[in-house]
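As a plain string of letters, each chain reads:
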Amino acid sequence: MAAVFNLNHHATYVHWHFIQLSLSNILVIAVMLIVFAAAILIPFPHPKEAGRQS
Amino acid sequence: MSVTEPPASRSSSWTARVRERAVEALPPEKLLSDKQPSYVASWIYVFGVLSLSALAVIILSGTILALKGPGWWHFTGVGRFFNGTHLWSVELFFFFMVIHLWGKYWMAAWRGRRKNVWITGAIVFLIAIPCALTGYVSQQNFDAQWISTQAKDAMNATGIGAFFNLLNFGQMYSWHVLLLPVAVVAVVVAHVLLVRKHGVVPPFRLEAKAATPAPASVDGGPSGSGPEDRMPTAPPDAGATSPVEGSS
């Protein structure tokens, strides 16, 4: 991981009033929101035979 | 002339009483059901199972780390691999668990006498936080020193610093490898058993709400939002007509 990303520096932080989050944490939260939206919106695959029975 | 049988009396043995109550509360066909309602086919439950899988990896990798010790997990290639596996399985455990919790919150998963299912799930999340914190301060490196010296002020501010000292490695290690993992696993087991007992929460009756325009309620809030309106037609434990086999 360290070979891909240069980690030899201070972390980048985002300040907004009293909220202070590291950029990496913001990215993780954003990915979680995207995955959550995908889990809601993407249809769950159903077995084909179950559809034929009805 | 018919002879009526006397009612079955409880056994005097406590083991038999415990067994009878356990089977009564959770019969084998419920405990290890091979069919689930059709609405269980949802990605949200996949994330619940992924949380359990991540927890299994956490326990396995953590057991190996505890057996080998910090000299191994810091200075050998295999040790660093298991150290990384333990860290990333924890990250994924939280990732999957939060998505599962978000989904269950918006499904109002406490409906139909399932409040304990919801509460145990939330408690797992709350116990997992200090479990992870004590893990970070048990790493035996500068990262652990930094986190412990920063976090101790927060603990002292709450007043629990007297018996939960983040600068005491032995105490933190005991919390991390025994007390908190046992609590997490115990509540997870209770959560899964409660899910088996009560069944997965049925979805909202959206089509009924959309078809029937309801008058305004007395308190000015949206009508049709009472507990009985939120409940589906089927009883809480009833399954849908098209079961899904082999899922949980």
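Nothing here was measured: the structure is a model prediction, and the numbers come from that model.

## Some points on the overall build of chain B
Across its full length, chain B holds 10 helices and 2 strands. Buried residues in chain B amount to 22% of all 248 residues. Contacts in chain B between residues far apart in sequence, at least 24 positions, make up 74% of those at least 6 positions apart.

## Description of the domain arrangement of chain B
Where interface size is quoted, it is often the accessible area lost as the parts come together. Residue and element names in this part refer to chain B. Partitioning chain B into domains gives domain 1 (43–100) and domain 2 (107–203). Of note, the centres of domain 1 and domain 2, computed from C-alpha atoms alone, are 15 Å apart. Each side of the interface is counted separately: domain 1 has 9 residues, and domain 2 has 9 residues. Of all the secondary structure elements, the ones that give two or more residues to the side of domain 1 that touches domain 2 are α3 (43–68), α4 (70–75) and α5 (77–106). Here the element with the most residues in the side of domain 1 that touches domain 2 is α3; it accounts for 4 residues. Broken down by class, the residue content of the side of domain 1 that touches domain 2 amounts to 7 nonpolar, 2 polar and no charged.

## What about the interface of chain A and chain B?
Residue-level contacts link 9 residues of chain A with 11 residues of chain B. Broken down by element, the residue count for the side of chain A that touches chain B peaks at 4 residues, all from helix α1 (residues 23–41) of chain A. Residues belonging to the side of chain A that touches chain B are distributed by class as follows: 7 nonpolar, 2 polar and no charged.

## Side note on the pairing of strand β1 (residues 13–16) of chain A
All names here are of chain A. As paired elements, β1 and strand β2 (residues 19–22) share 4 bridges and run antiparallel to each other. Note that in β2 the partner of Tyr13 across the bridge is Ser22. In this structure, the hairpin formed by β1 and β2 is closed by a connection of 2 residues, where His17 is found at a positive phi of approximately 55°.

## Structural notes on the packing of α3 of chain B against α5 of chain B
Residues and elements named next belong to chain B. It is the contact of α3 with α5, at a shortest axis distance of 8 Å, that shows an interaxial angle of 155°. Considering their axes alone, α3 and α5 lie roughly antiparallel with respect to each other. Crossing geometry of α3 relative to α5 is assigned as left-handed. By residue class, the composition of the contact of α3 with α5 is 16 nonpolar, 11 polar and 2 charged.

## Considerations on the environment of Asn25 of chain A
Residues and elements named next belong to chain A. By secondary structure assignment, the location of Asn25 is in helix α1. What makes Asn25 partly exposed here is the crowd of 13 C-beta atoms within 10 Å. Sequence separation between Asn25 and Val14 is 11 residues; the distance between their C-alpha atoms is 10.0 Å.

The rules we used
- Chains are numbered independently. Their residues run from 1 in the order of the written sequence.
- Written order determines the labels here, with chains lettered from A and ligands numbered from 1.
- Where totals are concerned, whole chains, interfaces and linings use all residues; where local detail is concerned, this predicted model gives features only for residues with pLDDT of at least 70, and gives and counts side-chain atom pairs only at 80 or more.
- A run of H or I in DSSP counts as a helix once it spans at least four residues, and a run of E counts as a strand once it spans at least two, with each numbered from the N terminus.
- Any residue with 12 or fewer other C-beta atoms within 10 Å of its own C-beta is exposed, any with 20 or more is buried, and the rest are partly exposed; the C-beta atoms used are placed from the backbone.
- Once C-beta atoms have been placed from the backbone, residue pairs whose C-beta atoms lie within 7 Å are recorded as contacts.
- Domain start and stop points were drawn from an automatic or database domain assignment.
- Each residue gets one of three labels, nonpolar for Ala, Val, Leu, Ile, Met, Phe, Trp, Tyr, Cys and Pro, charged for Asp, Glu, Lys and Arg, and polar for the others, Gly among them.
- By this definition, two strands are paired if DSSP reports at least two bridges between them.
- Here an angle of 0 to 180 degrees is reported between the N-to-C directions of two axes, which are lines fitted to C-alpha atoms, with helices fitted over the stretch in contact.
- If an angle is under 35 degrees, it is roughly parallel; if it is over 145, roughly antiparallel; if it lies from 65 to 115, roughly perpendicular; otherwise it is oblique.
- The hand of a helix crossing depends on one turn: near helix anticlockwise from the far one by less than a right angle means left-handed, and clockwise means right-handed.

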